[in-house]
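Residue-level structure breakdown
Single-letter residue listing:
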Amino acid sequence: MATFLYKLGRLAFRRRHFVALIWVALLTLAGVGAASAPAAGNTSFSIPGTEAQKAFDLLEQRFPGMSADGATARVVFKAPAGGKMTDAGNKATVKKTVKELSDGSEVVSVADPYTGKAVSKDGTIAYASVKYKVSGMELEDSSRDALKEAAQDARNAGLTVEIGGDALNATPETGSSEVIGIAIAAVVLVITFGSLIAAGLPLLTAIIGVGIGVSTIAALAKALDLGSTTSTLASMIGLAVGIDYALFIVSRYRAELAAGREREEAVGRAVGTAGSAVVFAGLTVVIALVGLSVVNIPMLTKMGVAAAGTVAIAVLIALTLIPALLGYVGRKVKPAGEKSKLLGGGRTASAKKAARPNMGTRWASFVVRRPVAVLLLGVIGLGAAAVPAASLELGLPDDGSQPVSTTQRRAYDLLSKGFGPGFNGPLMVVTDARASADPKAAVAKVSDEIKGLKDVVTVTPAAFNKAGDTATITVIPDSKPSSTTTEDLVHAIRDKGADVTSDTDAKVLVTGATAMNIDVSQKLNDALLPYLALVVGLAFLLLIVVFRSVLVPLKAALGFLLSVMAALGAVVAVFQWGWLSGLMGVEETGPVMSMMPIFMVGVVFGLAMDYEVFLVTRMREAYVHGEKPSQAVVTGFKHGARVVTAAAVIMIAVFSGFIGSSESMVKMIGFGLAVAVFFDAFLVRMALVPAVLALLGKKAWWLPKWLDRALPNVDVEGEGLRTRDGSHSKDGDEDEDRELVRV
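Reference entry: report on the structure contained in this document. Nothing here was measured: the structure is a model prediction, and the numbers come from that model.

As a further point, take the overall build of the chain. Each helix and strand in the chain was counted, giving 24 helices and eleven strands. The buried share of the chain, taken over its 743 residues, is 54%. Long-range contacts, defined here as pairs at least 24 residues apart, represent 80% of the contacts in the chain between residues at least 6 apart. Summed over its atoms, the accessible surface of the chain is roughly 31,200 Å², and 60% of this surface lies on carbon and sulfur atoms.

See the structure below:
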């Protein structure tokens with residue numbers, strides 16, 4: 001591995017024009033593809049295997065044209081102070097709005113408030129229900145615009161009008177804080193390298209990588225049914241790892257220059273050593289992201305695969321484009337320890353200052369002397385941060401979790417005020433009575449059983465299909481959609497349905513947006529442990545190959561579990577309990593998103609292994625080259641602590657930029673990943689890892705002989721490069737070029 005990457009780095013350095021041309025061509029091709037691709041609608045949303053999805057599929061068969069899973073909108077009207085919605089003028093305005101709404105090409109039906117009994121008891125609030133042919137994620141922008149225009153016309157007539165439902169699902173906005181995150185990353189890079197040129201390389205290559213990845217996603221969005229959240233995630237992950245991987249290569253290159261090597265040789269060794277760490281770190285991230293497919297939620301699978309593709313691009317750019325750009329900038333990138341003239345370079349440092357150990361060396365020496373105390377403090381601190389995770393409540397966001405500034409939230413509040421909180425989360429009970437001897441009697445029994453349950457406000461009369469063998473019943477709960485009481489009601493209806501099935505052979509299914517959210521949450525919970533086992537297991541095997549040790553990968557996995565639990569605790573404290581919610585822009589607390597734990601496990605595990613691989617690889621390299629275990633820990637920190645610290649700060653800054661998103665899902669993911677990286681980088685990798693390795697000593701690098709013989713030797717430490725003296729003939733270089741071309 002190290003030898004191959006060494007040759008690849010030298011080839012990219014020498015053939016820099018060709019390499020740069022390839023990447024510019026790829027960026028151009030992706031950009032043209034994105035610009036010329038047909039406009040993609042929002043992605044479809046289906047959850048295979050859930051009861052709610054089975055009910056939707058059944059309704060499509062038994063009620064043709066009903067569009068059971070189609071988008072819905074509730075246009076909520078409120079009369080002016082002192083007036084009633086039944087007043088002649090207000091009634092005329094609503095009638096006109098209903099007519100406007102009915103003209104849309106994707107509209108199936110619009111329910112008139114006055115014929116559908118959709119006026120509140122006090123007469124001040126009414127609503128019109130709009131049903132569409134396609135789901136909220138597939139709805140055309142023109143339909144949304146028509147909906148908004150009709151509402152605005154009613155506002156101009158003097159009514160208060162708000163719109164709720166999934167028809168207004170919009171592309172999330174990240175805001176200016178994302179740009180701030182990139183600016184912070186730039187400052188950290190300048191401080192780390194002491195050079196504007198060296199700092200600019202990781203930023204430039206990361207932006208190129210994200211540009212290629214996101215443009216490719218945009219080009220394929222229509223064909224592969226990719227949504228806007230997919231590109232948001234890809235840019236978030238791609239930007240973070242792209243900067244980090246380039247940072248690792250450039251940092252090692254400067255260290256090789258400081259050791260007195262020529263620039264081409266320094267590039268080769270940087271790619272051969274740090275590049276090996278980048279390859280395996282990237283593999284762990286890819287495994288974690290692609291592994292999201294085990295959850296069997298198509299949207300989540302697409303998000304993971306798209307983000308994994310962007311990570312793969314970041315790895316390839318770090319291994320090829322960075323060496324090429326280093327060839328272009330030449331001596332403008334200084335050896336480690338030197339600064340550019342603009343930033344104070346050229347000053348002569350005193351011998352005393354030059355001989356002083358750096359911060360990484362001093363910190364590692366402190367930890368090696370007091371490993372037990374550091375280990376206990378770190379574990380206790382992470383354990384305390386994880387305590388709120390014990391109160392974790394999972395759910396999916398609804399309009400009640402939207403900011404109060406949105407029309408969806410105001411419509412939600414108006415409906416709750418006029419008709420009760422459960423009105424925002426109606427349940428649809430579907431009875432398949434085809435196998436029943438008396439379908440009408442079976443459906444009547446279902447209705448009677450539901451009426452006898454707690455937390456039920458209204459049960460509408462059953463509506464049969466033309467064949468008379470399938471019926472739908474709408475149930476209005478007494479509690480809001482995201483409450484545990486409503487979830488208990490869904491389970492209670494399903495339990496009663498099982499009893500009805502045994503008595504009448506009629507199948508009872510509960511669906512609707514609220515039931516779908518409950519089923520998705522359960523599906524994600526059930527998939528968490530298998531997913532964790534798959535991802536951690538595969539990465540564990542990969543790390544055994546990298547470190548040729550059993551205990552080091554085990555320690556890495558346990559440390560990750562500590563950091564992810566602490567991060568989940570922080571998410572619960574902010575988004576569920578409301579701590580610092582104002583600072584984070586969280587206007588409404590509630591259950592944590594159902595996909596947050598499994599998503600955090602996948603992404604954070606991959607990112608955590610970045611630091612593990614880069615930091616511990618330097619320790620392994622020092623140990624293999626003859627240093628004592630404790631001294632190897634110090635050496636690893638001497639060369640790697642500054643870079644890992646900078647990489648962590650950059651990644652935290654990038655993720656924090658997404659906290660400013662208008663989408664609660666993106667906001668929560670940005671916060672959770674930023675906190676998780678902080679815990680993992682600064683408490684686990686920078687404190688617990690050296691403490692554990694110091695306590696284990698030589699045992700840390702133990703590997704059974706039979707396993708040592710069975711494992712491939714990937715030479716991440718660059719042992720094969722130690723035999724090289726840096727002198728290569730022209731013929732030797734040409735031989736390497738031909739060898740790489742064959743590979």
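Moving on, there is more to tell.
Right, let's talk about the packing of helix α15 (residues 439-451) against helix α16 (residues 484-504) for a bit. How two helices pack is summed up by the angle between their axes together with the distance between the axes. At a minimum axis distance of 10 Å, the contact between α15 and α16 shows a crossing angle of 150°. When the interaxial angle is binned, α15 and α16 end up roughly antiparallel. As α15 runs across α16, the sense of the crossing is right-handed. Contact residues: α15 offers Ala-442, Lys-445, Val-446, Glu-449 and Ile-450, while α16 offers Ile-493, Lys-496, Val-500, Asp-503 and Thr-504. Tallied by class, residues from the contact of α15 with α16 come to five nonpolar, one polar and four charged.

The residue Glu-106 is located in the loop between α4 (88-102) and β2 (107-111) in this model. Buried charged residue Glu-106 carries no salt bridge. Nearest counter-charge: Arg-144, at 7.7 Å. At 3.2 Å, the side chain of Glu-106 forms a polar contact with the backbone nitrogen of Glu-140. In contact with Glu-106, not counting residues within four places along its chain, are Lys-131, Tyr-132, Lys-133, Val-134, Glu-138, Leu-139, Glu-140 and Ser-143.

Its twelve residues give helix α3 (residues 51-62) an end-to-end C-alpha distance of 16 Å, which sits within 8% of 16 Å, the value for a rise of 1.5 Å per residue. Turning to α3, its buried residues are Ala-52, Gln-53, Ala-55, Phe-56, Leu-58, Leu-59 and Arg-62. Where α3 is buried, its residues contact β6 (427-432), β9 (470-477), α16, β10 (507-511) and α17 (513-547).

We now examine the sheet that holds strand β1 (residues 72-78). Think of a sheet as strands paired side by side through backbone hydrogen bonds, with each pair either parallel or antiparallel. Taken together, the four strands give an open sheet; going across it, the order is β2-β3-β1-β4, and neighbouring strands pair in antiparallel fashion. The two strands at the open ends of the sheet, each matched to only one other strand, are β2 and β4 (160-164). Put simply, the sheet's adjacent strands are angled 20° from each other on average, direction ignored. Sitting on the sheet, helix α5 (residues 141-156) touches β1, β3 (125-132) and β4, and the angle it makes with β4 is about 160°.

We now examine the side chain of Asp-432. Residue placement: Asp-432 occurs in strand β6. A relative accessible area of 13% means that Asp-432 is categorised as buried. Polar contacts involving the side chain of Asp-432 include one to the side chain of Arg-62, which spans 2.8 Å. In contact with Asp-432, not counting residues within four places along its chain, are Leu-58, Arg-62, Asp-469, Thr-470, Asp-505, Ala-506 and Lys-507.

You can see Gly-213 is positioned in helix α7 (residues 196-224). A relative accessible area of 5% means that Gly-213 is categorised as buried. Distance in space between the C-alpha atoms of Gly-213 and Ala-307 is 8.2 Å, their sequence separation being 94 residues. Once residues lying within four places of it in the same chain are set aside, the contact partners of Gly-213 are Thr-310 and Ile-313.

Attention now moves to the pairing of β1. Taking burial as the measure, the seven residues of β1 include five buried ones, the bulk of the element. With seven bridges connecting them, β1 and β3 associate as antiparallel partners. Following the sheet pairing, Val-76 is matched in β3 by Tyr-127.

Reading the values: the criteria
Residues numbered from 1 in each chain as written. Predicted model: local features only at pLDDT ≥ 70, side-chain atom pairs only at ≥ 80, totals over all residues. Heavy atoms only, no water. Helix = DSSP H or I, 4+ residues; strand = E, 2+ residues; numbered from the N terminus. Buried < 20%, exposed > 50% of the residue type's maximum accessible area, 1.4 Å probe, protein only. Contact = heavy atoms within 4.5 Å. Areas by Shrake-Rupley, 256 points an atom, 1.4 Å probe, with all protein chains shown as cover. Axes fitted to C-alpha atoms, helices over the stretch in contact; angles between N-to-C directions. Parallel < 35°, antiparallel > 145°, perpendicular 65-115°, else oblique. Left-handed = near helix turned anticlockwise from the far one by under 90°. Nonpolar A, V, L, I, M, F, W, Y, C, P; charged D, E, K, R; others polar. Lys, Arg positive; Asp, Glu negative; His and termini not counted. Salt bridge = Lys/Arg side-chain N within 4 Å of Asp/Glu carboxyl O. Polar contact = N/O pair within 3.5 Å; in protein donor to acceptor, adjacent residues only side chain to side chain. Expected span 1.5 Å × (residues − 1). Pairing = 2+ DSSP bridges.

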